[in-house]
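Structural overview for review
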Amino acid sequence: QVQLVESGGGLVQAGGSLSLSCAASGSIFAVNTMRWYRQASGKQRELVAAITSTGYTNYVDSVKGRFTISRDNAENTVYLQMNSLKPEDTAVYYCNADVKSTRYNGAMNYWGKGTLVTVSS
């Protein structure tokens, strides 16, 4: 079994910064693409950013230039540096990853439980 545990959420004023991290643990052979999603109250969950095992990244347009996704493959950890935060960034942020537990099996998709980010105006 694989667990994803997020940390780093909290309350910040508009224009401020926060850094999220998510560590994968358990039965892991390889971690492929890692992602951050968010879900604001009353809205659908949306993909914020993704990073492949080789470092290719992509972002939703609303965070480009403000958020940076990165990862530490040795630690099976993904980060999200969030700068110039806006009230509309307020949401529960979820970590998501495609993980191979053995050399022979295909990757399975896992979710963390989420961490709340609140940006006050």
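Here, the structure is the one placed above.
Residues numbered from 1 in each chain as written. Predicted model: local features only at pLDDT ≥ 70, side-chain atom pairs only at ≥ 80, totals over all residues. Heavy atoms only, no water.

1. Details of the environment of Leu80
Mapped onto the elements of the fold, Leu80 is located in strand β8 (residues 77-82). For the pair formed by Leu80 and Tyr93, sequence separation is 13 residues and the distance between their alpha carbons is 9.9 Å. When neighbours within four sequence positions are excluded, Leu80 is seen to be in contact with Leu18, Ser19, Leu20, Trp36, Val48, Ala49, Phe67, Thr68, Ile69 and Tyr93. (Helix = DSSP H or I, 4+ residues; strand = E, 2+ residues; numbered from the N terminus. Contact = heavy atoms within 4.5 Å.)

2. A few points about unusual backbone geometry
We note that Asn76 has phi near 50 degrees; this positive angle belongs to a residue other than glycine. Along the polypeptide, Asn76 turns up in the loop between β7 (67-72) and β8. One non-glycine residue, Ser84, lies in the positive phi region at around 50 degrees. Position of Ser84 relative to the elements: it lies in the loop between β8 and β9 (91-100). On the basis of relative accessibility, which here comes to 42%, the residue Ser84 falls in the partly exposed class. (Buried < 20%, exposed > 50% of the residue type's maximum accessible area, 1.4 Å probe, protein only.)

3. Topic: the side chain of Thr33
As for its placement among the helices and strands, Thr33 is situated in strand β4 (residues 30-39). Ignoring anything within four residues of it in the chain, the contact list for Thr33 reads Ala50, Ile51, Thr52, Arg71, Asn96, Ala97 and Asp98.

4. What to know about the state of the cysteines
All told, the structure shown has one disulfide when counted by the stated rule. Between the sulfur atoms of Cys22 and its disulfide mate Cys95 the distance is 2.1 Å. In this structure, the disulfide formed by Cys22 and Cys95 twists by about -80 degrees around the S-S bond and is classed as left-handed. Here Cys22, found in strand β3 (residues 18-26), pairs with Cys95, found in strand β9; they are 73 residues apart in sequence, far enough to count as distant. Each of the two residues, Cys22 as well as Cys95, counts as buried. (Disulfide = S-S within 2.5 Å.)

5. So, the sheet that holds β7
Judged by pairing direction, the sheet is antiparallel, and its four strands sit side by side in the order β1-β3-β8-β7 without closing on themselves. The open sheet has two free edges, formed respectively by β1 (2-7) and β7, since each of these has just one partner strand. If you compare each strand with its neighbour and ignore which way they point, the axes differ by 15 degrees on average. Pairing geometry for β1 and β3, over six bridges, is antiparallel. Residue pairing in the sheet places Glu6 in a bridge with Cys22 of β3. (Pairing = 2+ DSSP bridges. Axes fitted to C-alpha atoms, helices over the stretch in contact; angles between N-to-C directions.)

As far as function goes, none of this settles anything; it's purely spatial.
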